[in-house]
Amino acid sequence: MLIALAAPVALQAAVPDSGVTLSAQQFAMEPGWKSRVDLNAQWESSSKVTESKTRAVREVWFQSFFESGTAGDRSFEFDVAVLRLQTGEHSHLWFGRTHPWLEDGSGKRRAMPSTTGAVGANWGQNQARALEPRVVGWIGAGWSGAIGHGVSATALMSPVFLPSFGPRLDFSEYSEANGSRFAKLPPAHLMNNGQAIPVRYKIDSGDLAKIVLQHQVYLSTTLDAEDFGVRLFGWSAPVPSARIEATGKLRVNSDLDELNALVTATPSFPRETTLGLQWELGTKRFFDFQFAYQTESGRLNFSGEIRPFRWFRAGALHLVETRPAPAAEASPVPAAPGYGDSLLWTEFNEKFAGDRLQSLLRIEQHVLSGRGGLWIQPELRYSADGRLGFFAAVSLIAGQDGSYFGQWRSLDSVGTGVSYQW
């Protein structure tokens, strides 16, 4: 069922449904209700690649949302736009945009990696929905096929690198930085001898072609047995989120007769090689363990997820720095707290009244000492006829200073709306 809320519940779905949602949302620190429109579309051809009936020869997934008001945001994204060509009884080529986890193995468990898993935490993500980042595919060409009984291999090469997109954020050399409600705004003032000096920002991205035209390579092998699955994988790509180097200087703005500090931020995307493993247990894969190790930085993410019942899921995601972090340099651009460090999450999803009424609850919590945070999302849905539905949702955010959720703790919200899927 389509999920699109004022505070979206971060439920993971293997394949998105097509539908539209109209909703109204009220945030704690904002006057009045704001409107929001979500549009998701999935299309696939009737012809299938013969190795797996779950894969269409041509397939497109489109996701978008639009929020009203000056603090609203918007996003338009083709998560999948792919053409597949059969190359053997159990192999195929593909061209376009897709994620290799949608292409490899038997095709029985087609799903993007979850951002609460070790792989998704390190893959390129679309973060326009700040509290609901999504993993997206690469643009390129790949091959996947069987190389033995229950064993398959996958290879993907992409000549194009697309950095992670976050909430709208606008910089100017002559005015304050601003953005959408979930944007991480940099400091607006710098204290100097007891005087608050306005800070202005300039982005020096350099030659954009040198950023975008970088290759990415992914390789994996998967063992698919009846009651367990193992995937070994590795990829080389620039890091999806920019590393920022900032320099500053004091200057006089003669037009405004103002002394301010101009900060020049230079983004870079250093290359990382990531190696990892996924291990699933049970015929329905009720347990999922992942780890992903970045060889250049020495960062190790590992995660576990259990699905013992249809109505309950829970998991944990943690980061270990295996090497001492470099000494932090003083910078007016603060480092963003990490989402994947010491995260625990739980999700309940149950249906009543002949499956017409659905209750959902998701809880995410960081348990870092001094940087703890909490996000609670209860929701109630009612399905009128299988296509038309109504919902009401609440988002409660709490967190200490310097925590991931703490930066948005003033954005508690309620939302209600109607959805129609086809």
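Residues numbered from 1 in each chain as written. Predicted model: local features only at pLDDT ≥ 70, side-chain atom pairs only at ≥ 80, totals over all residues. Heavy atoms only, no water.

1. Observations concerning the overall build of the chain
Along the chain, the regular secondary structure elements total two helices and 26 strands. For the chain, the share of sequence-separated contacts (at least 6 apart) that also reach a separation of at least 24 residues comes to 56%. Within the structure as shown, the chain displays about 20,100 Å² of accessible surface, and the carbon and sulfur contribution to it stands at 61%. (Helix = DSSP H or I, 4+ residues; strand = E, 2+ residues; numbered from the N terminus. Contact = heavy atoms within 4.5 Å. Areas by Shrake-Rupley, 256 points an atom, 1.4 Å probe, with all protein chains shown as cover.)

2. Side note on the environment of Q26
Along the polypeptide, Q26 turns up in strand β1 (residues 19-27). By relative accessible area, Q26 is classed as buried at 19%. Between the alpha carbons of Q26 and T416 there is a distance of 9.3 Å; along the sequence they are 390 residues apart. Each residue touching Q26, except ones within four places of it in the same chain, is listed here: P31, G32, W33, D412, S413 and V414. (Buried < 20%, exposed > 50% of the residue type's maximum accessible area, 1.4 Å probe, protein only.)

3. Quick word on the pattern of salt bridges
Taken as a whole, this structure holds 23 salt bridges when the rule is applied. Notably, a salt bridge pairs R97 with E77, separated by 2.5 Å at the nearest N-O pair. Here E77 lies in strand β4 (residues 74-88) and R97 lies in strand β5 (residues 91-98), a separation of 20 residues in the sequence. The exposure class assigned to E77 is buried, which follows from its relative accessible area of 8%. (Salt bridge = Lys/Arg side-chain N within 4 Å of Asp/Glu carboxyl O.)

4. So, the packing of aromatic side chains
Applying the stated rule across the entire model yields 20 aromatic pairs. For the ring pair F309 and W311, a centre distance of 5.1 Å and an interplane angle of 5° mean the geometry is stacked. Owing to a relative accessible area of 46%, F309 belongs among the partly exposed residues under this scheme. W311 gets classed as partly exposed once you look at its relative accessible area, which sits at 34%. Here Y339 and Y404 contribute two aromatic rings whose centre-to-centre distance is 5.2 Å and whose plane-to-plane angle is 55°, an arrangement assigned as tilted. Residue Y339 is found in the loop between β21 (312-321) and β22 (343-352), and its partner Y404 is found in the loop between β25 (388-399) and β26 (413-421); the two are separated by 65 residues along the sequence. (Phe/Tyr/Trp six-rings, centres within 6.5 Å; stacked < 30°, edge-to-face > 60°.)

5. Focus on the pairing of β4
Two elements, strand β3 (residues 58-67) and β4, share nine bridges in a ladder whose sense is antiparallel. What sits directly across from F66, in β4, is R74. Alignment of β4 against β5, held across seven bridges, turns out to be antiparallel. When the sheet's bridge partners are listed, V82 is paired in β5 with G96. From the end of β4 to the start of β5, which pair antiparallel, there are two residues. (Pairing = 2+ DSSP bridges.)

6. As for the environment of Q125
Residue placement: Q125 occurs in strand β6 (residues 125-126). The spacing of Q125 and G166 is 41 residues in sequence and 8.8 Å in space, taken between C-alpha atoms. In this view, Q125 contacts T115, G120, P133, R134, V135, S164, F165 and P240; residues no more than four positions away in its chain are not counted.

7. Here we look at the nonpolar core
If you look at the biggest cluster of nonpolar residues, it comprises 16 residues, and the most contacted ones within it are V80, W123, W138, Y218, F233 and W235. Ranked by the residues each element gives to this core, the list is headed by strand β15 (residues 228-238), at three residues. If near-sequence neighbours (up to four positions away) are discounted, W235 is found in contact with V119, N122, W123, W138, V217, Y218, E272, T273 and T274. Counting residues in hydrophobic clusters, the runner-up holds 13 residues, among them F27, A130, L343 and W408. (Core = buried A, V, L, I, M, F, W, Y, C linked by side-chain atoms within 4.5 Å.)

8. Points about the pairing of strand β20 (residues 299-309)
It is a general feature of regular strands that their side chains alternate between the two faces of the sheet. Direction of pairing for strand β19 (residues 287-294) relative to β20: antiparallel, over a ladder of seven bridges. When the sheet's bridge partners are listed, F287 is paired in β20 with I306. Following β19, the chain reverses through four residues before pairing antiparallel with β20; G298 in that reversal takes a positive phi of roughly 75°. With nine bridges connecting them, β20 and β21 associate as antiparallel partners. Opposite F309, over in β21, you have F312 as the bridge partner.

9. Describing unusual backbone geometry
The phi torsion at R285 lies on the positive side, around 55°, for a residue other than glycine. If you trace the backbone, R285 turns up in the loop between β18 (271-281) and β19. For R285, a relative accessible area of 3% gives the class buried. Backbone geometry at A353 places phi at a positive 50°, although glycine is not the residue there. Turning to its location among the elements, A353 is positioned in the loop between β22 and β23 (357-366).

10. As for a nonpolar patch on the surface
A surface patch of nonpolar side chains, about 490 Å² in accessible area, is lined by L83, L85, L93, F95, W143 and I147. Mapped by element, the contributors of at least two residues to the nonpolar patch are β4, β5 and β8 (138-148). You can see L85 is positioned in strand β4. (Patch = residues over 30% accessible without salt bridge, like charges linked within 9 Å, V, L, I, M, F, W, Y side chains within 5 Å.)

11. A word on the side chain of S303
Topologically, S303 is positioned in strand β20. Residue S303 is classed as buried on the basis of its relative accessible area, which comes to 5%. In this structure the side chain of S303 is engaged in a polar contact, spanning 3.0 Å, whose partner is the backbone nitrogen of A118. (Polar contact = N/O pair within 3.5 Å; in protein donor to acceptor, adjacent residues only side chain to side chain.)

12. Some details on the side chain of Q290
With respect to the element layout, Q290 can be found in strand β19. Among the residues examined, Q290 registers a relative accessible area of 6% and is labelled buried. Within polar-contact distance, the side chain of Q290 engages the backbone nitrogen of A118 at 3.3 Å. In terms of polar contacts, Q290 uses its side chain to reach the side chain of D288, at 3.3 Å. Each residue touching Q290, except ones within four places of it in the same chain, is listed here: W101, G117, A118, V119, L277, Q278, N301, F302 and S303.

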